[in-house]
Amino acid sequence: MPEQISKIFGGEITKDLISDTATPFCKCSKRMLDRRLSTNDVIKSSCTCGEEHNEKIWNWDVTKERSDVLLQNDNVLTFHPIYSQGTAVVKGDAPLELGKQHYWEVKIMSFLTGTDFMIGVGTDKVNIDSHHYQFTSFLGNDDQSWGFSYRGLIQHNHRVKYYGQKYSRGVIVGVHLDLEGPMGIIEFYLNRRPQGKAYLNIPIDQNTKIYPMACSTSAKTSIKLINSTSVKKNLQYHCMETIAKNPEMLELVKSIPGFKRLSHELWFLQCKQRYQYHSDFEKNNLMLEDEAILSSKKKKFIEETDNDDDSSLDSLEDLYKNAHRIKHFKRAINTTTAERSKSDTSDDSEIDETPLIFFCNHY
C-alpha cells in the first residue's frame, strides 16, 4: 500500500503537507486553537483578521421570538445560546438576486462539534423549522438545499460527497454562488482558497427565491458574518478574473487610481490573498494547480479501492461505514513517510536530486 500511495501521488510525501483540517486564517491562530479561550473571549477580542472587506448587502434573519438563535452586534450569530434540543436553521433576510454573482464569508468563532454545522443555500420551499427537535445535517437533506459540512462534506438531496477539508474555529468559510447561467453554480472557500465547484445544477426559476443559509446542532456555536456582496458578471468582471491570476499585473492594477474602486469591489476574485497571515502558506507555497492534481489523484485512489463507482454516499451512516478507507489511506501515508525518513538516515551517500513537489492540505 505505501508504494501504491507514492505512485498515485507521483513524488515525495511529507506528513505535514497532508492535513484533514483547515488551520485558522489569522495571525491569532495560536489563540484560536487554545481551547481554554472561551467563545465569548474570542468574540470580545480585538481580532479583525480577514475583516478588511466588511460591506454587507444582507444579514441573518433573526426575530426576537426565536430562542434557538441569537444575533449580537449585528454580525455574530450564536446557535442554541443556552442549550440544544435539535437543529437550528437560519437564512438571510433577503433573497439572492438572480442574474448576479454572490459571495459571502463567515468566520467560525467557536469550536465545531456535534452532529453537524453547515453553511450553504436553500430555496423558499425549505421549512427551516422542520427539524427543531431533531439532530440532523439539515442543508442538503432535501432537493431544495445545498450544504457544506464542517466535516468536509457536501450534501444535496440526501446524497453526501467528500469535498474539502474539515474546518473549525478561526477558519473563514466563503460561499460563491453564480446565478447568471441557466443553472446555478456553487463553490465553497476555506480561508479564501477555492475548494472547487460543488454543484452545477442549482435550478434558476423566476418563481423560486434562493437564500443563504446556515444550521447547527451544537449548543453555543458562533459564527461572524464578515461580508456579503453581489456583482454582475460583465467585461470588468472577466478582466479582473484574468488579472487576478497574475500577481504582478494585479499589483499594478491596484496602484492605478482609476482601477482602485474596481479592485475593491471585486476583491473576492483575488485569491492570492488567502492564508496571508499564516506561516503554512509561506512554508508550502501551495498553488491551485497542485490542489487540482491532488484532488483528482485522491479521487482516483478512492475509486480504485472501492467497488462502488458512485463517489457519493446515500447518507452519513454510509460515510461512517466507509471511514476505514480514510484511516487506511492515512496509515499508508504515515508508513511511507516513516520508510522514506528511515532510508534517508541510513544512507547519506546517495543524494536524491529530484525536486520536491508540494501539494496542498486539501483532504
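Check the entry above for the structure.
What this report covers is the structure whose coordinates are included nearby. (Residues numbered from 1 in each chain as written. Predicted model: local features only at pLDDT ≥ 70, side-chain atom pairs only at ≥ 80, totals over all residues. Heavy atoms only, no water.)

## Some thoughts on the packing of aromatic side chains
Then, in step 1: Throughout the structure, instances matching the rule amount to twelve aromatic pairs.
Then, in step 2: Summarising the aromatic geometry, the rings of phenylalanine 79 and phenylalanine 117 are spaced 6.2 Å apart at their centres and angled 75° between planes, so their arrangement reads as edge-to-face. One end of the pair, phenylalanine 79, is in strand β2 (residues 76-79); the other, phenylalanine 117, is in strand β5 (residues 117-123), and 38 residues separate them in sequence. Like phenylalanine 79, the residue phenylalanine 117 is buried in the burial classification.
Then, in step 3: Three or more aromatic residues joined by ring pairs make a cluster, and in this case those are Phe79, Phe117, Phe148, Tyr163, Tyr167 and Phe188.
Then, in step 4: Across the ring face of tyrosine 211, the terminal group of lysine 91 is positioned such that the distance to the ring centre comes to 4.2 Å. (Phe/Tyr/Trp six-rings, centres within 6.5 Å; stacked < 30°, edge-to-face > 60°. Helix = DSSP H or I, 4+ residues; strand = E, 2+ residues; numbered from the N terminus. Buried < 20%, exposed > 50% of the residue type's maximum accessible area, 1.4 Å probe, protein only. Lys NZ or Arg CZ within 6 Å of the ring centre and 35° of its normal.)

## Overview of the pattern of salt bridges
It is possible for side chains bearing opposite charge to pair when their charged atoms get close.
Then, in step 1: Tallying each qualifying case throughout the model produces eight salt bridges.
Then, in step 2: Among the salt bridges present, the one from glutamate 51 reaches lysine 107, with a minimum N-O distance of 3.1 Å. Here glutamate 51 is found in the loop between α3 (39-44) and β1 (69-72), whereas its partner lysine 107 is found in strand β4 (residues 101-108), with 56 residues between them in sequence.
Then, in step 3: Taking the relative accessible area as the measure of exposure, lysine 107 reaches 2% and is therefore buried. (Salt bridge = Lys/Arg side-chain N within 4 Å of Asp/Glu carboxyl O.)

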